[in-house]
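Here is how the chains run, residue by residue.
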2 protein chains.
Amino acid sequence: MQDNSISKASTLAIGDELLIGQVINTNAAWIGDYMQQRGIQLVEHRCVADAQEAIVSAIESMRRSCDLIVITGGLGSTKDDITKEVLANMVQSPLYFDDTLYAALCARLEKLKIPLLDAHRKLCTMPSKAELWSNDVGAAPGMLFRYRDCFLLSLPGVPYEMKYILEGAGSEFLQKHAPDHDFFQETILTSGIGEVALQSKIQDIIEKFPDFAFAYLPSFAHVRLRISAYGQSDMKSRAEQLTKLLLDRLADYVYGMGQQHITETIGKLLLRQSKQMAVAESCTGGLISHQITKIPGSSTYFLGGITAYANEVKKSILQVHPLTLDRYGAVSRETVTEMLLGVLKLTGADVGIATSGIAGPTGGTESKPVGTIWIAYGSADDQRTKLLHLHHRRQINNEFTAHIALNLLRRFLLE
Amino acid sequence: MQDNSISKASTLAIGDELLIGQVINTNAAWIGDYMQQRGIQLVEHRCVADAQEAIVSAIESMRRSCDLIVITGGLGSTKDDITKEVLANMVQSPLYFDDTLYAALCARLEKLKIPLLDAHRKLCTMPSKAELWSNDVGAAPGMLFRYRDCFLLSLPGVPYEMKYILEGAGSEFLQKHAPDHDFFQETILTSGIGEVALQSKIQDIIEKFPDFAFAYLPSFAHVRLRISAYGQSDMKSRAEQLTKLLLDRLADYVYGMGQQHITETIGKLLLRQSKQMAVAESCTGGLISHQITKIPGSSTYFLGGITAYANEVKKSILQVHPLTLDRYGAVSRETVTEMLLGVLKLTGADVGIATSGIAGPTGGTESKPVGTIWIAYGSADDQRTKLLHLHHRRQINNEFTAHIALNLLRRFLLE
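Owing to the predicted nature of the structure, the values given are computational and were not obtained by experimental measurement. (Residues numbered from 1 in each chain as written. Chains lettered and ligands numbered in written order. Predicted model: local features only at pLDDT ≥ 70, side-chain atom pairs only at ≥ 80, totals over all residues. Heavy atoms only, no water.)

Details of the packing of aromatic side chains
Counting across every chain of the model gives 21 aromatic pairs over all chains. Between the aromatic rings of A:Tyr160 and B:Phe400, the centroid separation amounts to 6.4 Å while the plane-to-plane angle is 75 degrees, which identifies the pairing as edge-to-face. Remark: B:Phe400 occurs in helix α15 (residues 394-414) and A:Tyr160 occurs in helix α7 (residues 159-176); the pair is interchain, linking two chains. Each member of the pair, A:Tyr160 together with B:Phe400, is buried. Ring-pair connections join several aromatic residues into one group, and the members of that group are A:Trp133, A:Phe151 and A:Phe173. Across the ring face of A:Phe151, the terminal group of A:Arg146 is positioned such that the distance to the ring centre comes to 4.3 Å. (Phe/Tyr/Trp six-rings, centres within 6.5 Å; stacked < 30°, edge-to-face > 60°. Helix = DSSP H or I, 4+ residues; strand = E, 2+ residues; numbered from the N terminus. Buried < 20%, exposed > 50% of the residue type's maximum accessible area, 1.4 Å probe, protein only. Lys NZ or Arg CZ within 6 Å of the ring centre and 35° of its normal.)

See below:
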């Protein structure tokens, strides 16, 4: 393969299921972000049907404006998967049966106790002009082709397989073909301040750095502030200066940098303080526990969680007093505080979080409408509470609650 | 406007934030589904930057293969919003200031207590050749243009505004221009069988229905099978016949139809059988609990869950015997069974699920490598177990485990 730099990239997703909206094309966004972080400019995203003519015509038109087209999908073994044949045809490459690939696939299927079928052989027929990139989490490897002035990289459409290959062989490849301009990017993660307020708070700093682009990405109860710049010679030192100014100004609102989740920040704090935590969830239904345990190594500091959906479970497991539930209801400062104390006692954790609320869409009353949510956080000696009035939909309410609760615990740990 | 039928449509999303993955283009999927349900064939989705050249060149190339391009984004009042000007230029339409639109906007802003700014006037400058479609939930109306043989429909990028306009004026318009062919679509949701095996199992049926398209959409431990067809006269009866044949053949593997999650199927089964459930999770860390509680109304049948991450919690809360943990380890048939019994006893649930495994990336041993996962499911009288050997990454292991465990419980409830 030629050794030129990749400055511009596009994505091409292949699949009827994407066209008709049965599957949302999250791959384009993920690849866009992945390329952008490496200083590669994104030209376009396209999505076409599993049809030879559509694929060929898209590639022919796209290759004129970029150095790399990342093609996802259509690599399976079923009749609708034609990407490999179409690409082989375009680059005029004969197909061969790859014995090594077949042996690896057989071993993988045996381990997964999946019966080997004739159709699996199709997965191992490869274009000889393709450089194969290994895929240990699926059957189809990545395939890199050179076509005219452009690289064509064909990847499986299954997101975790696509990511596995791009983060593996892809990372090395992009490093080797790094764009010939400088690029800087940093993301500051903030919680507890809105998008508009955030912008006003840093307006004077922004004006001092006209050569930098600022983007605000609001999500559930947090805003990511992305700063980026292309190509200036004194960029690095100016970027450092800018980052420092922003971090100073935003101080307590900042919970991290880059792509990390707030649970990673909390994990690091807990490890540093040699503390352990636990959660008691009602409305969030396991979401906080799930977010914490997504982080590898969380078993060191996360002891466990109770999803106390039924009141009986709040009483029997978390030892919430029946009188508390009768007098104040499940969604109350009193109940959520007892839930927190209950889970701390049960697990022996140092700190914890408890949630109880009405996530919706039904279950609201006049005094406690949908979106009324109580959070308790703290330790056995010091419990704090916070009342939220949200009015989003069920899943959004829970995502908001989880992030706000985790941010409250983060600040508690920092005191 | 001319009164021809719309048989083929494409979407064009405009915005840097979509290109670099700051925002996922969910609009394309939603519009794709909306069109598909009306029998309109989707040709392609594209996404380009906020740049005149990119927009013009995309439209010029797309219009050749479809009757309608739905363009989203770039209609705001900030500097990077140029869609309206570019389209006016393409169709050679002068711009005028729309007083009615401005009066409506002023009234709306006053109601929302948003101060009126000069920038708002830009939103009311309209191309005279556009047919305006009202937007009561935002500032920018939809604009319909005729350009050569194609309709161009420009909509705001904010998803709920786009949907509001398409479901309002758009619905009437599409009815008036309905395609001149019939359309059928159904999705069968399967679990416990791979993509390749699924296809072989129904190969003879597929061959009897050459006029139908079959697509396989694999995800974590489940495969969605989509059947669709255009335009035959006896399509409806043949579609029913085909669906029946497939459901009979796939029998136990089918957990639902359409878009539902397996937790919805389980919820319905539990309601029908007047049973309640609970979960005890180690490796899945709250994921199963979270997936169950995502379903509105799940509090009727879901009592609660224990995330027993630490062995101490397995002992103290779930009453797993210390000797069991010592002798067999946390990842064992014995431990996971005691976890299940523990949570059933604690919550009083009729049925339940328990998981314990090594999700990775570390923590594996020679006899129990990463990906070794035990699942227990059943009732107080009847516990079953299943051992998985996965070797994906942490999050993928857990997603797989959750789906497999839920499917095992589904089958148990069906016995």
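Picking up after the structure, the text goes on.
A closer look at the nonpolar core
A:Ile306, A:Leu318, A:Ala354, B:Ile306, B:Leu318 and B:Ala354 are the most contacted members of the largest nonpolar core, which has 46 residues in total. Elements supplying a minimum of two residues to this core: β13 (277-281), β14 (302-308), α15 (333-347) and β16 (372-379) of chain A together with β13 (277-281), β14 (302-308), α14 (333-347) and β16 (372-379) of chain B. Those residues in contact with A:Ala354 that lie beyond four places of it in its chain are A:Ala280, A:Val336, A:Met339, A:Leu340, A:Trp374, A:Ile375 and A:Ala376. Ranked by size, the runner-up nonpolar core spans 38 residues in total, among them B:Val279, B:Cys283, B:Ile396 and B:Phe400. (Core = buried A, V, L, I, M, F, W, Y, C linked by side-chain atoms within 4.5 Å. Contact = heavy atoms within 4.5 Å.)

A look at the confidence of the model for chain A
In this model, chain A carries a mean pLDDT of 92, and residues with pLDDT of at least 70 account for 99%. This prediction of the complex comes with two scores: 0.80 for pTM and 0.78 for ipTM. (pLDDT = per-residue confidence, 0-100.)

Structural notes on the interface of chain A and chain B
Taken together, the 74 residues of chain A in the interface contact 72 residues of chain B. When chain A packs against chain B, close to 5,800 Å² is buried across both sides, 58% of that on carbon and sulfur atoms. It is A:Ile20, A:Gln22 and A:Tyr160 that lose the most area in chain A upon contact with chain B, and together they represent 12% of the buried surface on that side. The tally of links between chain A and chain B comes to 1 salt bridge. Put simply, B:Arg393 and A:Glu167 hold a salt bridge, and the shortest N to O gap is 3.2 Å. Per-class residue counts for the side of chain A that touches chain B are 32 nonpolar, 25 polar and 17 charged. As judged from the 5 bridges shared by strand β2 (residues 41-48) of chain A and strand β2 (residues 41-48) of chain B, these two strands associate in the antiparallel manner. The residue bridging A:Glu44 from the neighbouring strand is B:Val48, located in β2(B). (Buried area = accessible area lost by both parts, 1.4 Å probe. Salt bridge = Lys/Arg side-chain N within 4 Å of Asp/Glu carboxyl O. Nonpolar A, V, L, I, M, F, W, Y, C, P; charged D, E, K, R; others polar. Pairing = 2+ DSSP bridges.)

So, the domain arrangement of chain A
Residues and elements named next belong to chain A. With domains assigned, chain A is organised as domain 1 (8-176), domain 2 (183-257) and domain 3 (263-414). Domain 2 and domain 3 are separated by 31 Å when their C-alpha centres are compared. On the side of domain 3, 9 residues touch domain 2, which itself brings 10 residues to the contact. Taken together, both faces of the contact between domain 2 and domain 3 bury some 820 Å²; the carbon and sulfur share is 57%. A per-residue breakdown of the area domain 2 buries against domain 3 is headed by Phe-220, Ala-221 and Tyr-255, which together make up 63% of the total. Applying the counting criterion to the domain 2 and domain 3 interface returns 0 salt bridges. Split into classes, the residues belonging to the side of domain 2 that touches domain 3 amount to 5 nonpolar, 4 polar and 1 charged. (Domains from an automatic or database assignment.)

Describing unusual backbone geometry
Omega for the bond connecting A:Gly360 with A:Pro361 falls within 30 degrees of zero, at 5 degrees, which places this linkage in the cis form. Tracing the chain through its elements places A:Pro361 in the loop between β15 (351-357) and β16. Positioned with a positive phi, B:Gln92 is a non-glycine residue whose angle comes to about 50 degrees.

Concerning the environment of B:Ser5
Residues and elements named next belong to chain B. Its place among the elements puts Ser-5 in the segment before β1 (8-14). Taking the C-alpha atoms as reference points, Ser-5 and His-177, separated by 172 residues in sequence, lie 4.2 Å from one another. Not counting residues within four places of it along the chain, the set of residues in contact with Ser-5 comprises Asp-67, His-177, Ala-178, Pro-179 and Asp-180.

A few points about the packing of helix α11 (residues 262-272) of chain A against helix α16 (residues 394-414) of chain A
Residues and elements named next belong to chain A. For the pair α11 and α16, the least separation of the axes is 10 Å and the interaxial angle reads 25 degrees. With respect to α16, the axis of α11 lies roughly parallel. As α11 runs across α16, the sense of the crossing is left-handed. Contacts between α11 and α16 involve Ile-262, Thr-263, Thr-265, Ile-266, Leu-269 and Leu-270 from the former and His-403, Leu-406, Asn-407, Leu-409, Arg-410, Leu-413 and Leu-414 from the latter. Residue composition of the contact of α11 with α16, grouped by class: 8 nonpolar, 4 polar and 1 charged. (Axes fitted to C-alpha atoms, helices over the stretch in contact; angles between N-to-C directions. Parallel < 35°, antiparallel > 145°, perpendicular 65-115°, else oblique. Left-handed = near helix turned anticlockwise from the far one by under 90°.)

What to know about the pattern of salt bridges
Summed over all chains, the structure comprises 20 salt bridges over all chains. Here A:Glu60 makes a salt bridge to A:Arg64, at a shortest N to O gap of 3.9 Å. Judged by its relative accessible area of 63%, A:Arg64 falls in the exposed class. The closest approach of N and O atoms between B:Glu44 and B:Arg46, which form a salt bridge, is 2.8 Å. Its relative accessible area of 6% is what places B:Glu44 among the buried residues. Accessibility expressed as a relative area gives 5% for B:Arg46, which makes it buried.

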